[in-house]
Amino acid sequence: MQIDLRLIEAFALVLRCGSLTKAEEVSGISKATLSRQILSLEKTLGSSLLSRRARGMAPTEAGRVFYAHCEAMLAELTGRIDTARVQVQEMNSGVTGTLSILADSVFSTTYACHVGRLFKEKHPNVQVRLDVAQRPDALSVDEVDCYICSVPPDIPNMVGKLLGRISYGLYASPSYLSRKGVPATPIEMSNHDAIILSGRGTHQKLMLHSEKHSQPQLSKGGIWTNDYWVMKTYCLDGFGIAALPDFFVQPEVLQGTLVPVLQNWKPEWTKIYCAYPLQRYRTRKLQEFVEMLAQSIQNLESYNPYVGYSSAQANG
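These lines cover the structure that appears in this document, whether it is placed above or below. (Residues numbered from 1 in each chain as written. Predicted model: local features only at pLDDT ≥ 70, side-chain atom pairs only at ≥ 80, totals over all residues. Heavy atoms only, no water.)

Overview of the overall build of the protein chain
For the protein chain, the helix and strand inventory stands at 10 helices and 15 strands. The C-alpha radius of gyration of the protein chain comes to 32 Å, more than 25% above the 20 Å expected for a compact globule of 316 residues. In terms of overall dimensions, the protein chain has a C-alpha envelope of 100 × 50 × 35 Å along the principal axes. Expressed as a percentage of its 316 residues, the buried residues of the protein chain come to 41%. In the protein chain, the proportion of contacts linking residues at least 24 apart, taken out of those at least 6 apart, comes to 75%. Distance from the positive charge centre (32 side chains) to the negative charge centre (29 side chains) of the protein chain: 5 Å. (Helix = DSSP H or I, 4+ residues; strand = E, 2+ residues; numbered from the N terminus. Rg over C-alpha atoms; globule rule 2.2 N^0.38 Å. Buried < 20%, exposed > 50% of the residue type's maximum accessible area, 1.4 Å probe, protein only. Contact = heavy atoms within 4.5 Å. Lys, Arg positive; Asp, Glu negative; His and termini not counted. Charge placed at Lys NZ, Arg CZ, Asp CG, Glu CD.)

Comments concerning helix α5 (residues 105-122)
For α5, which comprises 18 residues, the first-to-last C-alpha distance of 25 Å matches the rise-based estimate of 26 Å (1.5 Å per residue) to within 8%. For α5, the principal kink sits at A112 and spans about 40 degrees. (Expected span 1.5 Å × (residues − 1). Bend = angle between axes of the 7 residues up to and from the residue.)

Quick notes on the sheet that holds strand β6 (residues 158-166)
Backbone-to-backbone hydrogen bonds join strands into a sheet, with any given pair of strands oriented parallel or antiparallel. Read from one edge to the other, the open sheet built from five strands follows the order β4-β3-β5-β15-β6, with strand pairing classed as mixed. Each edge of the sheet is formed by a strand with only one pairing partner; in this case those strands are β4 (127-132) and β6. Each adjacent strand pair in this sheet contributes to an overall mean axis angle of 20 degrees, direction not counted. The pairing of β6 with strand β15 (residues 270-277) spans eight bridges and is classified as antiparallel. Among the inter-strand pairings, R165 is bridged to a residue of β15, identified as K271. Against the sheet, α5 touches β3 (98-103), β4, β5 (146-149), β6 and β15, its axis set at about 175 degrees to β4. The sheet strands contacting helix α9 (residues 284-296) are β3, β5, β6 and β15, and the helix crosses β3 at an angle near 40 degrees. (Pairing = 2+ DSSP bridges. Axes fitted to C-alpha atoms, helices over the stretch in contact; angles between N-to-C directions.)

Comments concerning the layout of surface pockets
There is about 220 Å³ of room inside the second largest pocket. If you go around the second largest pocket, you meet 13 residues; those closest to its centre are R165, I166, W269, I297 and L300. Among the secondary structure elements, those contributing two or more residues to the lining of the second largest pocket are β6 and α8 (246-255). Here the residues of the lining of the second largest pocket are counted per class, giving six nonpolar, four polar and three charged. (1 Å grid on protein atoms, 1.4 Å probe; cavity = no way out; pocket = protein on both sides within 12 Å on 5 of 7 lines; lining within 4 Å. Points joined across faces, edges and corners; volume = space filled by probe spheres on them. Nonpolar A, V, L, I, M, F, W, Y, C, P; charged D, E, K, R; others polar.)

Observations regarding the sheet that holds strand β7 (residues 168-172)
One open sheet accounts for five strands, arranged β11-β8-β12-β7-β13; its pairing is mixed. The outermost strands of the open sheet, each flanked by one partner alone, are β11 (220-225) and β13 (259-261). Each strand axis lies, on average, 45 degrees off the axis of its neighbour in the sheet, ignoring direction. As paired strands, β7 and strand β12 (residues 241-245) are joined by four bridges and run antiparallel to one another. Across the sheet, L170 pairs through a bridge with A243, a residue of β12. Set on the sheet, helix α7 (residues 228-236) makes contact with β7, β8 (193-197), β11 and β12; between it and β12 the angle comes to about 135 degrees.

Focus on a nonpolar patch on the surface
On the surface, a nonpolar cluster with roughly 230 Å² of combined accessible area is contributed by L5, L77 and I81. Take L77: it is sitting in helix α4 (residues 61-93). (Patch = residues over 30% accessible without salt bridge, like charges linked within 9 Å, V, L, I, M, F, W, Y side chains within 5 Å. Areas by Shrake-Rupley, 256 points an atom, 1.4 Å probe, with all protein chains shown as cover. Salt bridge = Lys/Arg side-chain N within 4 Å of Asp/Glu carboxyl O.)

As for the packing of helix α1 (residues 5-17) against helix α2 (residues 20-27)
α2 packs onto α1 with a crossing angle of 110 degrees between their chain directions and a minimal axis gap of 8 Å. In terms of their interaxial angle, α1 and α2 are classed as roughly perpendicular. α2 is crossed by α1, and the crossing has right-handed handedness. Along the contact surface, α1 presents L13, V14 and C17, while α2 presents L20, K22, A23, V26 and S27. (Parallel < 35°, antiparallel > 145°, perpendicular 65-115°, else oblique. Left-handed = near helix turned anticlockwise from the far one by under 90°.)

Let's talk about unusual backbone geometry
If you check the backbone angles, N157 has positive phi at about 65 degrees while not being a glycine. For N157, the location among the structural elements is in the loop between β5 and β6. Take N157: its relative accessible area is 59%, and that puts it in the exposed class. Residues other than glycine seldom take positive phi values, yet L262 does so here, at roughly 45 degrees. Judged by its relative accessible area of 9%, L262 falls in the buried class.

A closer look at the nonpolar core
With 40 residues, the main nonpolar core has F107, Y111, I148, L244, F289 and L293 as its most contacted residues. Counting residues per element, this core draws most heavily on α5, which supplies six residues. (Core = buried A, V, L, I, M, F, W, Y, C linked by side-chain atoms within 4.5 Å.)

Details of the state of the cysteines
Across all of its chains, the model carries zero disulfides by this definition. Just so you know, C17 is unpaired, no disulfide at all, and the nearest cysteine sulfur is the one on C70, 14 Å from it. (Disulfide = S-S within 2.5 Å.)

Written out as structure tokens, the structure is:
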């Protein structure tokens, strides 16, 4: 048995208003039309729904039962219509579906998460997927909308948009420096252990620059890793001196769990890119996300809320 939705709406309207006259005033639908619709609904259901009285209408027992279902159905329908309208509007504007992001680990829980949150707040119906690069279960570069990285991949039709540059410094834990001493010059770094960022088992010697001179980092390589989070963890645990992005260790520096070393000698600044397939940039969602990345790069140091502590402190 199929019931015309207009009949249900007419019945619910009259019952809410209490009379045909009031319902006509509220809706602009004539009393005659409303009366015919309710009679048609009663005929379809095979039951009287309203008791006609001199001062209005009251629901019968069947009317009360049916009205409870009517209101639930109409409320759900209204909600679904609103959801559908928003989704259609977003489809028309080009902001819908899924935004897939790949990020180097140093940018994942800081920069990428921050901009992803801004994007999600603006477009709550867009699904956001953020993968950390170089993980077995991560999407590949050619599967995502964009890749936030320090070195854009050399892939045909892949655009690498320069977002900005990030500064680096040398850092160590107070416990390490109390044991090994504080180096005053790059040459004295040869007496210190280093935590070194490497890739595929190889690494390049780090160059340090002052206002007038350049020197290679001569530290002994005690630990190698391809992940900045691992570098910072070992640094916090007092295993050596590490060259880390300044924004990445800002919380630990403020807490005093890491301190800068050789502040007048700095590694080269590193560029940060957003790489994306050229054809994907035609979508408005990616254009807006890349624009948010570019706008947010200026305040990069404020996006890292995670403060690391050494294992000794954590167990103390």
